[in-house]
Amino acid sequence: MNLDKVISGFFIILAMTVNFGFFYGDMDSLEHHSKYELMAAIIVNVIATTLKLGDKTQMGSVLLATSLAADIQLIAAASVWTIAAYAYTMNQEIVAMIISLSGGALLANIVSVMLYMGDTLKSKR
């Protein structure tokens, strides 16, 4: 068993599941979406991104690209939430924007997990 692959796979899948935990819920209210879970999603995604930095293969490049896309969207969601909370009033449009950005990150994480699974199935022992 390759410990590096186990740790990398763990963080890739954890990034997707934590992101899904934040995304899942009513689209119209922030009561179903925790700011702490969004922060956890950002932290886990950044860890998963740093684990993908050392891979020099073509698949590693694509996995890194999906991770960077998820990172940018989650950081944008947190930035919108912070700016709206302190500079504006929270309305339905801002809530929908925050949830939509995390949905885009979730899609990037799903692609990352699917590519990781395909690469794992393709590899030989």
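Details of the structure are given in the entry above.
Just so we're clear, the structure is a prediction, and the values are computed from it rather than from any experiment.

Analysis parameters
- Residues numbered from 1 in each chain as written.
- Predicted model: local features only at pLDDT ≥ 70, side-chain atom pairs only at ≥ 80, totals over all residues.
- Heavy atoms only, no water.
- Axes fitted to C-alpha atoms, helices over the stretch in contact; angles between N-to-C directions.
- Helix = DSSP H or I, 4+ residues; strand = E, 2+ residues; numbered from the N terminus.
- Parallel < 35°, antiparallel > 145°, perpendicular 65-115°, else oblique.
- Left-handed = near helix turned anticlockwise from the far one by under 90°.
- Nonpolar A, V, L, I, M, F, W, Y, C, P; charged D, E, K, R; others polar.
- Patch = residues over 30% accessible without salt bridge, like charges linked within 9 Å, V, L, I, M, F, W, Y side chains within 5 Å.
- Areas by Shrake-Rupley, 256 points an atom, 1.4 Å probe, with all protein chains shown as cover.
- Salt bridge = Lys/Arg side-chain N within 4 Å of Asp/Glu carboxyl O.
- Contact = heavy atoms within 4.5 Å.
- Core = buried A, V, L, I, M, F, W, Y, C linked by side-chain atoms within 4.5 Å.
- Buried < 20%, exposed > 50% of the residue type's maximum accessible area, 1.4 Å probe, protein only.

K.L.:
Where do I start with the packing of helix α3 (residues 58-87) against helix α4 (residues 92-122) in this structure?
P.N.:
A pair of packed helices is characterised by two quantities: the angle between their axes and the separation of those axes. Between α3 and α4, whose axes approach to 9 Å, the crossing angle comes to 165°. Taken together, the axes of α3 and α4 lie roughly antiparallel to each other. Crossing of α3 against α4: the hand is left-handed. Here the contact of α3 with α4 is composed, by residue class, of 20 nonpolar, 6 polar and 1 charged.

K.L.:
Teacher, can you tell me more about a nonpolar patch on the surface here?
P.N.:
Together, M1, L3, V6, I7, M39, I43, I47 and L51 make up a nonpolar patch on the protein surface, roughly 790 Å² of accessible area in all. Put simply, the parts of the chain that give the nonpolar patch at least two residues each are α1 (3-23) and α2 (35-52). Of the residues forming the nonpolar patch, the biggest block, 4 residues, is contributed by α2. Mapped onto the fold, I47 is located in helix α2.

K.L.:
Would you explain the environment of I75 in this entry?
P.N.:
For I75, the location among the structural elements is in helix α3. Separated by 26 residues in the primary sequence, I75 and L101 place their C-alpha atoms 9.0 Å from one another.

K.L.:
Please clarify how the side chain of N109 should be interpreted in this entry.
P.N.:
Along the chain, N109 falls in helix α4. With residues near it in sequence (within four places) discarded, N109 still touches A15, M16, N19, N45 and A70.

K.L.:
Sorry, what's going on with the nonpolar core here?
P.N.:
Side chains that are nonpolar tend, in soluble globular proteins, to be buried together. Counting 20 residues, the largest nonpolar core has F22, L38, L74, W81 and I98 as its most contacted members. Apart from residues no more than four positions distant in its own chain, L38 is found in contact with F22, L74, A77, A78 and W81.

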